[in-house]
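# Secondary and tertiary structure notes
Take a look at the letters that make up each chain.
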Amino acid sequence: MTTFKELGLSEGTLETLAAIGYEMPTPIQEQTIKLALAGHDVIGQAQTGTGKTAAFGLPTIEKIVPGAGLQALIIAPTRELAVQNQEELFKFGKDKKLKVRIVFGGSSIERQIRDLKSGAEIVVGTPGRMVDLIKRKALDLSKITTLILDEADEMLNMGFLDDIEFIIAKTPEERQTLLFSATMPDAIKKIGVKFMRDPQHIKVKTSQMTADQIEQFFIKTKDFEKFDILTRLLDVQKPELAIIFGRTKRRVDQLTRGLKIRGYRAEGIHGDLDQSKRLSVLKDFKANHLDILVATDVAARGLDISGVTHVYNYDITQDQESYVHRIGRTGRAGKSGVSITFVTYNEMGYLRAIENLTKREMIGMKPPTKEEAYASSLADAKNSVNRDLTDPEFAGKLAKFDKDVDALLGEFDARQIAALLLQGRVKDPDTQEKVDIPAEKPLPANGGDRFRSFGNNRGGGRGNGGSHNRGGNSRDRDRRDGGRNRDDRRGNDDRRGGYRGKNDRNKDQGYKVERKNDGKRNFSKKPNNKIKQPGGKGGFVMRERGND
Ligand code: ADP
Ligand code: MG
């Protein structure tokens with residue numbers, strides 16, 4: 001293993017990396033940083049979550065001369081990704097006190113024009129807004145020495161090729177160009193030929209990127225049973241931070257609503273939500289105000305949400321690549337994670353096709369029973385009572401009820417009262433709110449086989465929508481739901497009552513709640529075996545296929 005120092009980074013940068021908890025470079029960093037520092041153009045191909053930001057960010061920062069004007073431009077497909085890049089680059093550039101500005105559509109261009117005048121050395125943004133700013137002469141690219149295309153395949157899918165070419169044409173020819181992408185369709189290779197000088201192509205193989213740190217399970221189920229199984233899983237597994245993927249926007253809305261009704265701290269994101277709502281949901285999720293994010297594939301693409309312990313594929317993906325992206329939301333940067341995929345009987349072909357690609361078998365899991373879910377919830381409820389009553393501060397707050405308690409005790413049996421209060425803390429599957437999630441059409445049977453014959457052609461199946469349709473917010477490729485997704489989103493009354501958030505429960509059980517927003521990454525540490533593996537739950541994992 002090469003260290004960051006051996007890659008040739010400066011002392012200042014090394015100190016910054018130590019401060020933010022990067023201990024060892026990831027494979028893509030290890031292979032690209034040296035090349036980029038040596039001045040090469042680089043094409044880096046690696047899946048989401050493999051540390052591409054530092055792969056291009058660190059060498060870029062090294063080159064920049066503070067105070068010498070705009071020298072690096074980073075183009076990213078979405079505002080969220082631009083925001084993430086900005087945040088990371090800012091951290092990397094702290095030592096040199098670099099200014100990193102961000103520009104994207106959907107928010108005041110005047111403000112961004114003002115921001116740009118402050119003399120930033122690095123600008124991050126989305127293609128459309130950059131073009132606007134260039135046309136308004138607010139963005140001067142004449143001194144750019146490094147140009148970065150992040151998530152290039154996604155930008156092309158979204159129809160940004162013309163914008164990107166326009167932008168590139170405004171930069172000096174002798175610039176360095178770094179291009180990062182999860183996949184390498186021909187269109188990307190063409191960019192390499194057209195706009196890059198002898199680019200060095202670095203590819204981190206899929207097998208290295210996924211799977212190894214992720215326990216992958218599947219549950220065979222009928223569509224209408226999925227929701228109850230899901231909430232039981234949540235109760236038993238108590239994920240610290242979970243993402244649930246639904247196939248369509250409509251599905252995401254319905255799941256989010258159902259989860260809220262049952263008392264989970266969940267929010268959904270998809271392309272129909274306006275920008276500020278999406279950003280605020282992401283912020284809440286990162287800040288631990290939410291435990292569950294429900295998302296469509298596209299909404300979640302490339303988002304750096306670290307600390308996700310569980311990924312639930314409520315609907316299996318049609319193409320294998322999306323699957324890899326989804327489960328890559330957990331197990332990020334060397335951490336372990338769990339993924340559970342629901343699959344209906346006639347979708348098994350898709351599951352097999354996915355296994356072929358990842359070269360890993362998914363383990364068939366028997367869903368937890370109602371009783372198991374209840375037992376788990378009851379244990380939590382008891383723990384929470386115990387914790388509250390042994391917490392002197394909390395107990396102090398109860399003193400004010402003394403008189404009323406006396407009155408109640410005069411009238412009722414203490415056991416009855418306690419039982420009633422316990423009931424408020426437990427999730428009882430027998431009395432829980434019934435939630436009806438309308439069926440999604442299952443994927444066509446044998447689709448997996450069909451897909452296989454397409455290989456990795458991303459232009460293929462639905463969900464890839466490689467067509468160049470852009471504009472507005474409808475970037476989600478999951479157009480399957482047509483316009484029907486504008487479901488009633490009201491009625492999210494939070495019925496949590498006395499039910500406590502799961503992080504509290506984790507503490508009760510001696511689980512350390514490890515949040516990632518402290519900027520620390522335990523990259524070289526052991527996989528986090530604090531994550532509850534379903535297997536640990538007393539034999540409700542069963543092998544369904546194969547004879548290992
Ligand atoms: P990508 O752009 O490939 O999707 P990111 O650059 O967003 O991946 O990195 C994913 C996560 O891993 C981020 O939280 C990032 O801070 C973290 N990370 C990246 N490189 C390292 C490293 N060398 N050590 C520890 N954490 C890292
Ligand atoms: Mg990235």
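The structure this text deals with has already been given above.
My aim in this report is to walk through the structure given alongside it, one point at a time. Here the structure is a predicted model, which is why all the values come from computation and not from measurement. (Residues numbered from 1 in each chain as written. Chains lettered and ligands numbered in written order. Predicted model: local features only at pLDDT ≥ 70, side-chain atom pairs only at ≥ 80, totals over all residues. Heavy atoms only, no water.)

The number of helices and strands found in the chain is 22 helices and 14 strands. Counting across all 548 residues of the chain, residues that qualify as buried make up 54%. Considering only contacts in the chain between residues 6 or more positions apart, those separated by 24 or more positions represent 79%. (Helix = DSSP H or I, 4+ residues; strand = E, 2+ residues; numbered from the N terminus. Buried < 20%, exposed > 50% of the residue type's maximum accessible area, 1.4 Å probe, protein only. Contact = heavy atoms within 4.5 Å.)

As for its placement among the helices and strands, Arg 326 is situated in helix H15 (residues 320-327). In this structure Arg 326 comes out as buried when scored by relative accessible area, which is 2%. Residues Arg 326 and Phe 245 lie 81 residues apart in sequence; the distance between their C-alpha atoms is 7.7 Å. Excluding residues within four positions of it along the chain, Arg 326 makes contact with Phe 245, Gly 246, Asp 297, Val 311, Asn 313, Asp 315, Ile 316 and Thr 317. Here the side chain of Arg 326 touches Asn 313 through a polar contact of 3.1 Å, side chain to side chain. (Polar contact = N/O pair within 3.5 Å; in protein donor to acceptor, adjacent residues only side chain to side chain.)

Moving on, we come to the sheet that holds strand S13 (residues 337-343). The parallel open sheet is built from 7 strands, whose spatial order is S10-S11-S9-S12-S13-S8-S14. Looking along the sheet, the strands with just one partner apiece sit at the ends: strand S10 (266-269) and strand S14 (363-364). Where strand S8 (residues 214-220) meets S14, 2 bridges bridge the pair, whose relative direction is parallel. When the bridges of S14 are listed, Phe 218 appears paired with Gly 364. Across the sheet, helix H12 (residues 249-261) touches strand S9 (242-245), S10 and strand S11 (292-295), and the angle it forms with S10 is around 170°. (Pairing = 2+ DSSP bridges. Axes fitted to C-alpha atoms, helices over the stretch in contact; angles between N-to-C directions.)

The next point concerns the nonpolar core. Ranked by internal contacts, the top residues of the largest apolar core, which has 37 residues, are Phe 4, Leu 58 and Ile 122. Counting only elements with at least two residues in this core, the list comes to helix H1 (11-20), helix H2 (27-37), helix H3 (52-63), strand S2 (72-75), helix H4 (79-92), strand S3 (100-103), strand S4 (122-125) and strand S6 (176-181). Beyond its immediate chain neighbours, meaning those up to four positions away, Phe 4 contacts Leu 9, Leu 14, Leu 17, Tyr 22, Glu 23, Met 24, Pro 25, Gln 29, Ile 33 and Leu 58. Counting 32 residues, the second largest nonpolar core, distinct from the first, contains Val 123, Ile 134, Met 184 and Ile 188. (Core = buried A, V, L, I, M, F, W, Y, C linked by side-chain atoms within 4.5 Å.)

Our next topic: a nonpolar patch on the surface. On the surface, a nonpolar cluster with roughly 420 Å² of combined accessible area is contributed by Leu 389, Leu 398, Phe 401, Val 405 and Leu 409. Among the secondary structure elements, Phe 401 is positioned in the loop between helix H18 (392-398) and helix H19 (402-411). (Patch = residues over 30% accessible without salt bridge, like charges linked within 9 Å, V, L, I, M, F, W, Y side chains within 5 Å. Areas by Shrake-Rupley, 256 points an atom, 1.4 Å probe, with all protein chains shown as cover. Salt bridge = Lys/Arg side-chain N within 4 Å of Asp/Glu carboxyl O.)

What follows covers helix H13 (residues 275-286). Taking 1.5 Å of rise per residue, the 12 residues of H13 would be expected to cover 16 Å, and the 17 Å separating its terminal C-alpha atoms lies within 8% of that figure. Listing the buried residues of H13 in full gives Gln 275, Arg 278, Val 281, Leu 282 and Phe 285. On an axial view of H13, the arc spanned by its buried residues comes to 135°, and they lie on one face. Exposed positions of H13 whose direction lies more than 90 degrees from the buried face are Ser 276 and Lys 283. The inward-facing, buried residues of H13 contact H4, S9, S10 and S11. A positive backbone phi angle near 70° is found at Asn 288, which sits one or two residues after H13. (Expected span 1.5 Å × (residues − 1). Arc of directions from axis to C-beta.)

A word on the pairing of S8. Of all the 7 residues making up S8, 5 are buried; the element is thus mostly covered by neighbouring parts of the structure. As judged from the 7 bridges shared by S8 and S13, these two strands associate in the parallel manner. Looking at the pairing, Ile 219 lines up with Phe 342 of S13.

Moving on to the packing of H15 against helix H16 (residues 348-358). Close contact between H15 and H16 brings their axes to 9 Å; oriented N to C, the two are set at 70°. Classified by the angle between their axes, H15 and H16 sit roughly perpendicular to one another. Residues Gln 320, Tyr 323 and Val 324 of H15 pack against Ala 353, Ile 354, Leu 357 and Thr 358 of H16. Residues of the contact of H15 with H16, tallied by class, amount to 5 nonpolar, 2 polar and no charged. (Parallel < 35°, antiparallel > 145°, perpendicular 65-115°, else oblique. Nonpolar A, V, L, I, M, F, W, Y, C, P; charged D, E, K, R; others polar.)

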